[in-house]
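Residue-level structure breakdown
So you can see what is in the structure, the chains are spelled out below.
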Amino acid sequence: MNELRELRETVARLHAELTRYGLVAWTAGNISARVPGRDLMVIKPSGIDYDELSADAMVVCDLEGVLVEGDHAPSSDTAAHAYVYRAMPEVGGVVHTHSSYATAWAARAEPIPCQLTAQADEFGGEIPVGPFALIGGDDIGKGIVSTLAGHRSPAVLMRNHGVFTIGRDARAAVKAAVMCEDVARTAHLARALGRPLPIAQADIDSLYHRYQTAYGQPHHPAKEIR
Ligand SMILES: [Zn+2]
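Let me sum up the structure you'll find in this document. Values in this document were obtained by computation on a predicted structure and should not be read as measured data. (Residues numbered from 1 in each chain as written. Predicted model: local features only at pLDDT ≥ 70, side-chain atom pairs only at ≥ 80, totals over all residues. Heavy atoms only, no water.)

Moving on to the coordination of the zinc ion. Four donors placed tetrahedrally about a metal ideally form angles of 109.5 degrees, and six donors placed octahedrally ideally form angles of 90 or 180 degrees. Coordination of the zinc ion by the protein comes from His96 (NE2), His98 (NE2) and His161 (NE2), over a distance range of 2.0 to 2.1 Å. Here the donor residues of the zinc ion are spaced in sequence according to H-x1-H-x62-H. Taken together, the residues span a long stretch of sequence, with His96 in strand S5 (residues 93-97) and His161 in the loop between strand S7 (155-158) and strand S8 (162-167) at a distance of 65 residues. For His96, a relative accessible area of 1% translates into the label buried. (Donors = N, O, S within 2.8 Å, 3.2 Å for Na, K, Ca; no water. Helix = DSSP H or I, 4+ residues; strand = E, 2+ residues; numbered from the N terminus. Buried < 20%, exposed > 50% of the residue type's maximum accessible area, 1.4 Å probe, protein only.)

This is the structure we're talking about:
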């Protein structure tokens, strides 16, 4: 069970990144991680202050979203996380935020066009918009999966709601959430000041391929989940 303990610690620690990068307000936002090789996930408890999100406060659910271990009720977004893990076996981490700039694009149901090399690197094109869906049940999960399936982007802007990101592990999903807000903010500023220029598709493809296969340290596995 040491592995589960480690994962609880990792998920608890990663929640500090959401506040560090200013992606969340109050108790909104959540991170989960799939327990490798088991039909379980570690996820944030519902309605607990970020300062109190220790490893012990994390909860373990099965992939139907049913609480298996923990002292608190799981996040109210647990059904959405569980749906993603059931539908996308390659996904090891899921993050949800209402980060301001990205969510402003979601409020307009406007995909973020690819106008920055950093966006081409991380997202491989535009950041897409998913459908409007009410919380509870499988609607949000279905919307995430149907939008991201076959898309390079690890981030989806759920209409009128916020951001969901996926990754091979929870850390990769957190990185996507941070980068999504970063490019959303710059795209917003560029639009406010004038007319942003698109990047040619061939250049987007080239940037994405290089970043996903050659960037970073040797032996750092490339993201190959999509
Ligand atoms: Zn939400």
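Here the narrative resumes.
Moving on, we come to the pairing of S5. Counting buried residues in S5 gives five out of five residues, a clear majority hidden from the surface. The alternating pattern of S5 places Gly93, Val95 and Thr97 on one face and Val94 and His96 on the opposite face, and all of these are buried. Relative to S8, S5 is paired through five bridges, and the arrangement is antiparallel. Counterpart to Val94 in the pairing with S8 is Ile166. (Pairing = 2+ DSSP bridges.)

Turning to the environment of Lys44, a few remarks are in order. For Lys44, the location among the structural elements is in the loop between strand S2 (40-43) and strand S3 (59-62). In sequence terms Lys44 and Arg185 are 141 residues apart; their C-alpha atoms lie 26 Å from each other. Look past the residues within four positions of Lys44 in its chain and what remains in contact with it is His15, Thr27, Gly29, Asn30, Ile31, Tyr50, Leu53, Met58, Val59, Pro74 and Ser75. Only 3.1 Å separates the side chain of Lys44 from the backbone oxygen of Gly29, close enough to count as a polar contact. (Contact = heavy atoms within 4.5 Å. Polar contact = N/O pair within 3.5 Å; in protein donor to acceptor, adjacent residues only side chain to side chain.)

Turning our attention to the layout of surface pockets. Size it by volume and the second largest pocket reaches roughly 180 Å³. Along the walls of the second largest pocket sit Leu7, Thr10, Ala33, Arg34, Pro36, Gly92, Arg168, Asp169, Ala170 and Arg171, which together make up its complete lining. (1 Å grid on protein atoms, 1.4 Å probe; cavity = no way out; pocket = protein on both sides within 12 Å on 5 of 7 lines; lining within 4 Å. Points joined across faces, edges and corners; volume = space filled by probe spheres on them.)

A few words on the pattern of salt bridges. Close approach of charged atoms allows side chains of opposite charge to pair. Tallying each qualifying case throughout the model produces eleven salt bridges. Its salt-bridge partner being Glu110, residue Arg191 comes within 2.5 Å of it at the nearest N-O pair. With Arg191 in helix H6 (residues 170-193) and Glu110 in the loop between helix H3 (100-107) and helix H4 (117-123), the pair connects residues that are 81 residues apart, well separated along the chain. Owing to a relative accessible area of 38%, Arg191 belongs among the partly exposed residues under this scheme. Arg185 is paired through a salt bridge with Asp182; the nearest N and O atoms lie 3.2 Å apart. You can see Arg185 and its partner Asp182 sitting in helix H6, three residues apart, about one turn around the helix. (Salt bridge = Lys/Arg side-chain N within 4 Å of Asp/Glu carboxyl O.)

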